[in-house]
Amino acid sequence: MAPRLQLEKAAWRWTETVPPEDVTQEHIEAAYRVGLEPCQRGVCRRNCRGNPNCLVGIGEHVWLGEIDENSFHNIDDPNCERRKKNAFVGLTNLGATCYVNTFLQMWFFNLELRQALYLCPITRPVHVKAEGAPAYKDYEPQAICEHLQYLFALLQNSRRRYIDPSGFVKALGLDTGQQQDAQEFSKLFMSLLEDTLSTQKNPDVRNIVQKQFCGEYAYVTVCNQCGRESKLISKFYELELNIQGHKQLSDCITEFLKEEKLEGDNRYFCEACQSKQNATRRIRLLGLPGTLNLQLMRFVFDRQTGHKKKLNTYIEFSELLDMDPFMEDKVGVSGYELSAILIHRGVSAYSGHYIAHVKDPQTGEWYRFNDEDIEKMEGKKLQLGAEEDLEPSKAQTRKPKCGKGVHRSRNAYMLVYRLQTQEKSVTVEIPAFLQELVERDNSKFEEWCSEMAEMRKQSVARGKVKHEEVKELYQRLPAKAGSPYDFVSLEWLRRWLDESTPPKPIDNSACLCSHGKLHPDKIPTVKRVSEYVADYFYERYGGGPRLTVTALCRECVVERCRVLRLKSQLSEDCKAVANLLKGPVKRDDGFWVGKSSLRSWRQLALEQLDDPEGDADQSNGNMNGDAKGKDECSTEKQEEDDLKFNEDIICPHGNLCVSENERRIVSREAWEKLCCYFQNAPEFPGSKDSCSQCKVLEREGEENEALHKMMASEQKASLPNLFQDKSRPCLGSWPEEVDELYVVSKFFVEEWRKFVRRPARCSPVSSVGNRDLLCPHGGLMFTFASMAKEDSTLIALIWPSEWGKIQKLFVVDHTVRVIRRQPAEAGPGNAHYVTEPELCSDCREGLLCQQQRDLREYAQATIYVRKVVDNTKVMKDSAPELNVSSSEAEEEREEARLEGEQDPDFNQANSNAKRQKVSHPNYVAYQKQGIRRSTRHRKVRGEKALLVSANQTLKDLKIQIMHAFSVAPFDQNLSIEGMMLTEDSATLGSLGVTPESVVLLKADEPVVDYAAIDDVMQVCLPEEGFKGTGLLGH
């Protein structure tokens, strides 16, 4: 037995010998466990919830041990945000701007570019100080050059560990939440920067982009016939190298410069020959820039998927690159050294992370730039271009070994080489106005550091004060024997000892009984403390109500004593009542008790004793959730379970029920024993008569039941064929013996049959109710053809002989009939049919239009997509684990389901049918009458159900199909009833896709490349690139 249960049992052991009327203050204090010994620290490992005097393990160890100043605050050391000595400054990732950060760091280490930008004059608002010196007050960069100047100045002299590039990103109009193509960003920004600097007067500033990054090559075409050579000279800012099929950088450059043959349809028009001739074309490098950018084309277009993909192949490159063998003129000054590597981590072209490895040109040391984090690469960490993938590749290849000065990378997408002849010891000085801006930012940073340090200091001071306060109060917390005391919520005490949450006012309301005092069962949730500490708590924190010695509830203790004694006596009383029920009892001497109550009185007594304060609105049984949606039988059973003792023989009028089969007489002695457990049970002496009102209703019910049975028998005898649904007429094959048939609502016939079958339970049908077949103008809503086909389930045809009997048995509000008319000169097959009343064409047309409109305006409906393939094995083998419901076993299980079982597709179809809007009142009437056509769709193999809406586009549907069948949208050929669905922006409603439609899917080629599927899923939205940003002049 658990200690808490042992303590609880010991607290009430005195009830075995003490009756409720003899309870004293000593017994009350025992029930509240006032006299239990308090636990000692070191002996008790955790708090004893059954002992209100145990004050161990409630959070006091934090305050009684050694002081840890860091525990008094949650403020990080501001010096952690300070730039370390001889370290570089990082850049904040604003969401998905890591590709921008890598280029900014790489351009920052281009000393010539940085110096040129510093020389670029910018118009600035100037504020004059009192001494006459200029001050740049409230300066905000506007142009791109200004933002780049300010960023470079901060990267050079800021005291922060990292800075925020949001001004620069915002000026370009970039979306911080969308990752873009880094190579495209580099090209567009260089073009924008060159255009911006072109207006500068200083040639060192105006030509810096061309000098640093611009090279020259020529497209040379040679005619095979006459040998004429044609040159087209062009500039370049980077060389785009194909890496597919190559392992070394030199091979990539060789392929870029290789000769191309122009033959066949691709022949070259030679101006000398004045005709198309076979020719050769190649690229010749004429001049190289100071900084050579080599773009490794890792992101290529995949023709199979129609989207970009990443090539995760290793490329070998060296730290020194001799471009002399690749030049047109061998000048001997084409030696380059590696200065930066831009890396993309991740296997997909549409996700991942960008990192830069950059070499400090002044020290020759390599650094790893990962947004805010910067790490020096030395020793074993000096592995250029080596970064682990964020995601494991499907085909992990082992990294090959390489020699000194040579590196291999599967993630490097740009290599930056610097001309060796360029001066490395360039001194870059920050202009005065930029330096002042940097100092202003540094001052703000120092102010922030001081504020944070002061806040930490104040938090530590408050923590020390509270530490001494708690330490002193905890020593005086236990209540001594014989001294005044209070009970305080254990939860509040723990919050008071919790340094992270300031304590709120004391709230003891959850511990109160119905008498407004401390409930005996709430002892595990409170602790007994000294009056001195309680006075301090309430004076400082407030709250209440206070639970002093006067809060011990005598009424609750006495009641619990009575209940416990009854529970121990229950077994003996059960035997005694059982023996008393066996003996004969005179009616006038006994009491009426419900048989159901007698069968379960022991269980009812136990439940009442376990919950003596049970509210009337709480049930005695198990809670089975919300009663909504249950049938009437379940509701009645629930109400029956909720009845208390002897309430099962109370009639609706509050008197004794009529049926004596539900009750019996018990002796007075047995009744008195039962009353000990059920003091508020309804009492009915044996001499009491049953309810007079119920007797009258019973007699009337018997008379009505006999009348209904007689009516049902008479109606069944009058209309036997209509009841049994035999020999019914059909409009499709008109019976020759009659020229007219009558029409009634199918709902009327169904309700009448229910009454005839169970006249005692169902109400009789009095009226035919043909008004539901007519429109508001009194015209018929159905044509002869529709009643013969699609609307045949809504009507019932009546023979003329039956119609006369119906007129006698029921009230006929409107007569509806179909008449056959056959001209004398016409043959038997030329008869035509008319209805009375005639068809209301306008209302009929309106109803049909509304039905069609409802089919195209659904909010949620089920459609079926069926994959059509020539070889079923292709469908199963393409992506078996993604094709969840394509297995034969599952399809067979679905087909084997019974009509009554839960089928999600069947339920969705029905729920959609209920959601359709119908404007015509008569159509609504049919829905209310319960007439429904079967909408169950029999699924076949290769078919899946999808939930769609009418305003959903075809493109959205294709994305759903891609998830279900693993077929990319561009490989999907969709059709419905022979019509191809091709307009991606059109809605399903406008394309005629209605609920329960079957859409046929034919895939051009099954997609088995899982990385390609992942890429497609990430580009469901159209790829906008840098459209609308400042990089394109917007």
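What you see is a predicted model; the values in this text were computed from it and never measured. (Residues numbered from 1 in each chain as written. Predicted model: local features only at pLDDT ≥ 70, side-chain atom pairs only at ≥ 80, totals over all residues. Heavy atoms only, no water.)

A. Up close: the sheet that holds strand 31 (residues 817-821). The four strands are arranged 30-29-31-32 in an open sheet whose pairing can be described as antiparallel. Every other strand in the sheet has two partners, leaving strand 30 (795-798) and strand 32 (832-836) as the edge strands with one partner each. Averaged over all pairs of adjacent strands, the angle between strand axes in this sheet comes to 30°, irrespective of strand direction. Of the strand pairs in this sheet, strand 29 (residues 740-745) and strand 30 are connected by four bridges, and their pairing is antiparallel. The residue of strand 30 that forms the bridge with Tyr742 is Ile798. (Pairing = 2+ DSSP bridges. Helix = DSSP H or I, 4+ residues; strand = E, 2+ residues; numbered from the N terminus. Axes fitted to C-alpha atoms, helices over the stretch in contact; angles between N-to-C directions.)

B. View of the packing of aromatic side chains. Taken as a whole and assessed by the stated rule, the structure comprises 34 aromatic pairs. Relative to Tyr367, the ring of Phe88 has its centre 4.9 Å away and its plane inclined at 85°; by these criteria the two rings are edge-to-face. Pair noted here: Phe88 is in the loop between helix 3 (61-64) and strand 1 (90-91) and Tyr367 is in strand 19 (residues 366-370), with a separation of 279 residues, a long-range link. Exposure class is identical for Phe88 and Tyr367. Each is buried. Taken together, a centroid distance of 6.1 Å and an interplanar angle of 25° make the contact between Phe445 and Trp448 stacked. Taken together, the positions of Phe445 and Trp448, both in helix 12 (residues 432-475) and three residues apart, correspond to about one turn of that helix. Residue classification places Phe445 among the buried positions, given a relative accessible area of 1%. (Phe/Tyr/Trp six-rings, centres within 6.5 Å; stacked < 30°, edge-to-face > 60°. Buried < 20%, exposed > 50% of the residue type's maximum accessible area, 1.4 Å probe, protein only.)

C. How the structure looks around the confidence of the model for the protein. Taken over all residues, the pLDDT of the protein has a mean of 79, while the share at 70 or more is 81%. Within the model, the stretch residues 1006-1022 combines pLDDT values under 50 with 41 contacts to residues more than four positions away or in other chains. (pLDDT = per-residue confidence, 0-100. Contact = heavy atoms within 4.5 Å.)

D. Broad picture of helix 14 (residues 531-541). If you check which residues of helix 14 are buried, you get Val533, Ala534, Phe537, Tyr538 and Tyr541. On an axial view of helix 14, the arc spanned by its buried residues comes to 130°, and they lie on one face. Buried-residue contacts for helix 14 involve helix 12, strand 23 (485-489), helix 13 (490-497), strand 24 (506-507), strand 25 (526-530) and strand 26 (543-544). Looking one or two residues past helix 14, Gly542 carries a phi angle of roughly 75°, positive in sign. (Arc of directions from axis to C-beta.)

E. Fine view of helix 15 (residues 554-582). Under the 1.5 Å per step criterion, the end-to-end length of helix 15 is 40 Å for 29 residues, consistent within 8% with the ideal 42 Å. At Leu570, helix 15 is bent by approximately 50°, the largest bend along its length. For helix 15, the complete set of buried residues consists of Cys556, Val557, Arg560, Cys561, Val563, Leu566, Leu570, Asp573, Cys574 and Val577. At its buried positions, helix 15 is contacted by helix 2 (25-31), helix 17 (601-610) and helix 19 (668-677). (Expected span 1.5 Å × (residues − 1). Bend = angle between axes of the 7 residues up to and from the residue.)

F. Fine view of the sheet that holds strand 37 (residues 998-1003). Taken in spatial order, the five strands of this open sheet run 34-33-37-35-36, and their pairing is mixed. The sheet terminates laterally at strand 34 (943-948) and strand 36 (979-981), the two strands that pair on one side only. Taken over all neighbouring pairs, the strand axes of this sheet differ in orientation by 35° on average, direction set aside. Judged from the four bridges that link them, strand 33 (residues 861-867) and strand 37 form a sheet pairing that is parallel. Directly across from Val865, in strand 37, lies its bridge partner Val999. On the sheet, helix 30 (residues 954-965) packs against strand 33, strand 34, strand 35 (972-976), strand 36 and strand 37 and is oriented at approximately 140° with respect to strand 34.

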